[in-house]
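Examination of the molecular architecture
Okay, here's what each chain looks like letter by letter:
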Amino acid sequence: MAVEKVLLVIDMLNDFLHPNGVLYCGNTARDKILKPSMELIAWFRKKGYPIIYAQDAHDETDKEFDIFPRHAIKNTWGGDFIDEVKPQPGDMIVPKTRFSAFFRTNLEEILANYDPKEVWVIGVCTSICVMDTVVDLRYRGYQVIIPVSCVADFNQTMHDCAMERMDRIYKAKLVWSLPQ
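Quantities reported herein were computed from a predicted structural model and do not represent experimental measurements. (Residues numbered from 1 in each chain as written. Predicted model: local features only at pLDDT ≥ 70, side-chain atom pairs only at ≥ 80, totals over all residues. Heavy atoms only, no water.)

Some points on the pairing of strand β4 (residues 118-124)
Note the following rule: We call a residue buried when its accessible area falls under 20% of the maximum for its residue type, exposed when it is over 50%, and partly exposed in between, using a 1.4 Å probe and counting protein chains only. In DSSP terms, a helix is any run of H or I states spanning at least four residues, a strand is any run of E spanning at least two, and both are numbered starting from the N terminus. Pairing between two strands is assigned when DSSP locates at least 2 bridges connecting them. Place the viewer so that the strands point away; then a crossover is right-handed whenever the path from the first strand over the helix to the second strand goes clockwise.
Of all the seven residues making up β4, six are buried; the element is thus mostly covered by neighbouring parts of the structure. As judged from the six bridges shared by strand β1 (residues 5-10) and β4, these two strands associate in the parallel manner. Within β4, the position partnered with V6 by the bridge is V119. One ladder, built from three bridges, connects β4 with strand β5 (residues 143-147); its direction is parallel. Along β5, the bridge assignment pairs W120 with I145. The parallel pair β4 and β5 is bridged by helix α4 (residues 126-139), and the resulting crossover is right-handed. Sheet analysis places β4 next to strand β6 (residues 151-152), joined by two bridges and oriented parallel. Across the sheet, residue G123 finds its bridge partner in β6, namely V151.

Taken by themselves, the reported measurements are silent on function.
Listed below in structure tokens is the structure:
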């Protein structure tokens, strides 16, 4: 079933976007993306477009914890979505254990079934999970749209670098306004 648009919500979890989260991106990131992300999700729901949530879902002994503090452990508060953007019935959830939402997941199959003209990407962290997923979307030939107001990172310099790379190298389309 071909659809015009799909929304991919990446790691909008308590451990990243709640002040008590282990890897909290900070008030600046949360304040920047929360309201526009909620508006975009509501717009996608109203239009009936698919919404897919990519969710960091680590085991207690995940090797990623050699690099980052223990975070987003399966079936814990930290690994759950923040209240403001929780998935609703009909939304899809793709648990992941690495930066890209494609690595050892069924995201490729899900997107192939939808065959979208555009994949809109929002969430955190821009320089890690967002960018790695965008790269894999582009490798698979998808047109990627990134609403600038709906992505954030721990570090503004890294965020800016990732945005420039996704724009210039991967040819993702950056947009500064949400659809009406």
